[in-house]
Amino acid sequence: MIPMIRNFSERLIVQEVAPRDGLQIEPTWVPTDAKVALIDQLSSAGFTRIEAGSFVSPKAIPALRDGAEVFARIRRQPGVVYVALIPNMRGAQRAFQAGADELNLVMSASQTHNRANMRMRCEDSLAAFADIVPLTAGTAVTLNGTVATAFGCPFEGAIDEDRVLAIVDHYLAIGIGAITLADTTGMANPRQVARLVERVLGRLPASALTLHFHNTRGLGLANVLAAYEAGARRFDAALGGLGGCPFAPGASGNICTEDLVNLCQEIGIETGIDLPKLIAMSRRLPALLGHEVPGQVAKAGRNCDLHPAPWERESAAA
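Residues numbered from 1 in each chain as written. Predicted model: local features only at pLDDT ≥ 70, side-chain atom pairs only at ≥ 80, totals over all residues. Heavy atoms only, no water.

**A few points about the pattern of salt bridges**
Item 1. Tallied over the entire structure, the rule returns 16 salt bridges.
Item 2. Of the charged contacts in the structure, one is a salt bridge between Arg-49 and Glu-102, with a shortest N-O distance of 2.5 Å. On the criterion of sequence distance, the pair formed by Arg-49 in strand β2 (residues 49–54) and Glu-102 in strand β4 (residues 102–108) is long-range, its members being 53 residues apart.
Item 3. With relative accessibility at 8%, the residue Arg-49 sits in the buried group.
Item 4. Each of Glu-161, Asp-162, Arg-195 and Arg-199 takes part in salt bridges that share partners, so that together they form one network. (Salt bridge = Lys/Arg side-chain N within 4 Å of Asp/Glu carboxyl O. Helix = DSSP H or I, 4+ residues; strand = E, 2+ residues; numbered from the N terminus. Buried < 20%, exposed > 50% of the residue type's maximum accessible area, 1.4 Å probe, protein only.)

**Here we look at helix α10 (residues 257–267)**
For an α-helix, 3.6 residues make a turn, and residues three or four places apart therefore share a direction.
Item 1. Of all 11 residues making up α10, eight are buried, and the element is well covered by its neighbours.
Item 2. Where α10 is concerned, the buried positions are Thr-257, Glu-258, Asp-259, Leu-260, Val-261, Asn-262, Leu-263 and Cys-264.
Item 3. Packing partners of the buried residues in α10 comprise β1 (13–16), α9 (220–229), β8 (234–237), α11 (275–289) and α12 (297–300).
Item 4. Looking one or two residues past α10, Gly-268 carries a phi angle of roughly 90 degrees, positive in sign. (Contact = heavy atoms within 4.5 Å.)

**Some words on the packing of α9 against α10**
Item 1. Put simply, α9 and α10 touch, their axes get as near as 11 Å, and they point 50 degrees apart. Taken together, the axes of α9 and α10 are oblique relative to one another. Our pair here, α9 against α10, has a crossing hand that is right-handed. Contacts between α9 and α10 pair Leu-221, Val-224 and Leu-225 from the former with Asp-259, Leu-260, Leu-263 and Ile-267 from the latter.
Item 2. Partitioning the contact of α9 with α10 into residue classes produces six nonpolar, no polar and one charged. (Axes fitted to C-alpha atoms, helices over the stretch in contact; angles between N-to-C directions. Parallel < 35°, antiparallel > 145°, perpendicular 65-115°, else oblique. Left-handed = near helix turned anticlockwise from the far one by under 90°. Nonpolar A, V, L, I, M, F, W, Y, C, P; charged D, E, K, R; others polar.)

Here's what the structure looks like:
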């Protein structure tokens, strides 16, 4: 059941993740020039946060091997935070040198998924993160800790909420001040989301919490509304609905940015993002990637994009 939103007054912040999460599994190489152009276009569309790339092993994610060059060439807009995903100390050092504004450290709540994704146990990931924290001490660079598979794992099934909370507590204890709860493989449902968000917001403010949903089973936007109703205000999304997890069987893309912004506009939640610009950008993605993308609004248009009556079209064609 989709919750009834009681308060539309607070802005919903969208963090655009297509340049990283969207492109990381694309089989066709997207040239560096095209990545830079995409990020520059997003920077002028009203976003305040863009995950612009990652600094993982080029062997593991070859599609993003040009992360340092991308960060060096983008035209940074005032007020936009450019985020880099990093898995370990080496990645953190590279991202720091490249000028990332925020480092997003990722580990899974699931041991099996973490071993598949990070090639190590959760305990080893946490120990490595504790070593990274001093790297940014005294600088303007911030740290975000992501709990992947927070709502379910395709290998282990349900994840104990107390385990997720323990990881959140550990992140906060070592000095990571912001948290992302990631539904990495699209297993979350609205009631589960509302319950976990309420518990996590007992530990940190809404400004420090991000929700990352995939639309694998069609519940992505319903989960956004459930999280918003529970107090969350920041959400990851990918232009065109791009993305997926390379280490999760059957995982499809992220919730679609333009679909999310359209939903917010329809029900009166402010985002500050230029929806017509997003739609135009999304409609250019198939030419860039060589395949169609899952987003719906770019195909159907907005509700306000009206069409001439059939007889008007016939008259014009005569």
